[in-house]
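Each chain, written out:
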Amino acid sequence: MTLTLSLPEARRLALVAQGFARAPRGAIRHRQLLAQLGTLGVVQIDSVNALVRSHYLPAFSRLGHYDRELLDDLAWGKPRRRALFEYWGHEASLLPLELYPLMRWRMRRAANGQGIYQQLARFGFEQREVIERVLQAVREQGALGAGALSTREERAGPWWDWSAEKHAMEWLFAAGEVTVAGRRGFERLYDLPERVIPSDLLNQDELPEAEAQRQLLLRAAQALGVATERDLRDYYRLDTADSQARLAELVEEGALQAVQVNGWKQPAYCVGEPRVPRKVRASALLSPFDSLIWERGRTERLFDFRYRLEIYTPQHKRQYGYYVLPFLHDERLAARVDLRAERAQDRLAVHALHEEEHGLSEAGMQALAENLRSMAAWLGLAEVAVTCRRPGTLRLQAYLG
């Protein structure tokens, strides 16, 4: 018989799988941070810096105060520290190094004009001279930013107005011909993989596509706890046909089992026999790009929480604010907080607080105030400042003191 889970049970499985079940003890070092990032399996990178770069936030949400330079070391530091690499995992992402062999098939597809933006695919076929010139420059000069190679006389415009050299570098990155060796500010510095990726990983025989995809689906299932096929597919952005075929194989092998979650229209899947805790005690402010909530349909099914990022929405049309973080408390997404790190004023500014239908209890409001104070300290800001006068923020102000 198919196992049936209640919606609260599914929530708890998801929260445990995403690393919210245990509070850390003691100072956070490289080992603890890497273990947490390994649990997630992929961390999305985003350029918006209204608060802090998004890839730093998931670890803070789960571990609390940690030195952001630890993550820099793991991603872009000296070889002995490096344990992450950049690639297209779930959008632009940081992934554990051991996943590098699982991405080789995607790189090969990209080199063949599959699975990447159509404009880049055409570029790969039509602009071989530019690609070879850029690759030779990387061979000779070492880690380079794409801007250093541009031959355009006018300055490049927005993201969609890339120079030919930027197109070439992005094509080489997608195809695995170069990788990210470091960053200067937020600019990627590209180098040859053999100068960045450990040789034992780089020289492994390429796995068959089907096996790599199966392993990625299993990693997704472990990171999600319980998930539909679409949830699993989205985690590492697999194609629908690949995902459905590999999922059927994993169920047939017994590596995944089908379960039914009350209220979900689609069947769900989990690894092994699920062990559901009685309670998950976690309070956390979540990045808009946190893997707990990045698949918006799943977020609605799990938490009855409709969430959209409104950065690109005109101000007068925004419902909740520019950079809004969901607040997790008592196994619910209980509120939304529009936050900004206003560094010139040395403060973490709360521009709005929107409570969900059932509101925040006094304990929930106190937990939110503690999370805000902790975040301000982590960001090196002197205070938390409430800048609006909504009823909810007046309650919050009382807890902030």
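Residues numbered from 1 in each chain as written. Predicted model: local features only at pLDDT ≥ 70, side-chain atom pairs only at ≥ 80, totals over all residues. Heavy atoms only, no water.

The protein goes by Cytoplasmic protein in an unreviewed UniProt entry, where it is assigned to Metapseudomonas resinovorans NBRC 106553.

A. The overall build of the protein, seen in detail. On a plain count of helices and strands, the protein comes out with 15 helices and 14 strands. Its C-alpha atoms give the protein a radius of gyration of 22 Å, within 12% of the compact-globule value 21 Å for 401 residues. Projected onto the principal axes, the alpha-carbon positions of the protein cover approximately 65 × 60 × 45 Å. Burial analysis of the protein (401 residues in total) assigns 54% to the buried set. (Helix = DSSP H or I, 4+ residues; strand = E, 2+ residues; numbered from the N terminus. Rg over C-alpha atoms; globule rule 2.2 N^0.38 Å. Buried < 20%, exposed > 50% of the residue type's maximum accessible area, 1.4 Å probe, protein only.)

B. Spotlight on the sheet that holds strand S1 (residues 3-5). Strand order in the open sheet made by the four strands is S1-S8-S9-S7, with mixed pairing throughout. Both outer strands of the open sheet, S1 and strand S7 (227-228), are each paired with one neighbouring strand and no more. Of the strands in this sheet, S1 and strand S8 (257-261) are in contact with helix H1 (residues 7-17), which crosses S1 at around 90°. (Pairing = 2+ DSSP bridges. Contact = heavy atoms within 4.5 Å. Axes fitted to C-alpha atoms, helices over the stretch in contact; angles between N-to-C directions.)

C. Broad picture of the packing of helix H7 (residues 128-141) against helix H8 (residues 164-174). At their nearest, the axes of H7 and H8 sit 9 Å apart, and the two run at 75° to each other. Judged by the inter-axis angle, H7 sits roughly perpendicular to H8. Here Arg128, Val130, Ile131, Arg133, Val134, Leu135 and Val138 of H7 come into contact with H8, specifically with Ala164, Glu165, Ala168, Met169, Trp171 and Leu172. Of the residues that constitute the contact of H7 with H8, the class distribution is 10 nonpolar, no polar and three charged. (Parallel < 35°, antiparallel > 145°, perpendicular 65-115°, else oblique. Nonpolar A, V, L, I, M, F, W, Y, C, P; charged D, E, K, R; others polar.)

D. How the structure looks around the pattern of salt bridges. Counting across every chain of the model gives 32 salt bridges. Notably, a salt bridge pairs Glu229 with Arg233, separated by 2.7 Å at the nearest N-O pair. Note that Glu229 and Arg233 are positioned in helix H11 (residues 229-235) at a spacing of four residues, about one turn of the helix. The burial state of Glu229 is the same as that of Arg233; both residues are buried. One salt bridge in this structure joins Arg395 and Glu355, with 3.3 Å as the shortest N-O distance. Residue Arg395 is located in helix H15 (residues 391-400), and its partner Glu355 is located in strand S13 (residues 347-355); the two are separated by 40 residues in the primary sequence. On the basis of relative accessibility, which here comes to 26%, the residue Arg395 falls in the partly exposed class. Owing to a relative accessible area of 28%, Glu355 belongs among the partly exposed residues under this scheme. Linked through salt bridges whose partners overlap, the residues forming this network are Arg108, Arg109, Glu206, Glu209, Asp239 and Asp242. (Salt bridge = Lys/Arg side-chain N within 4 Å of Asp/Glu carboxyl O.)

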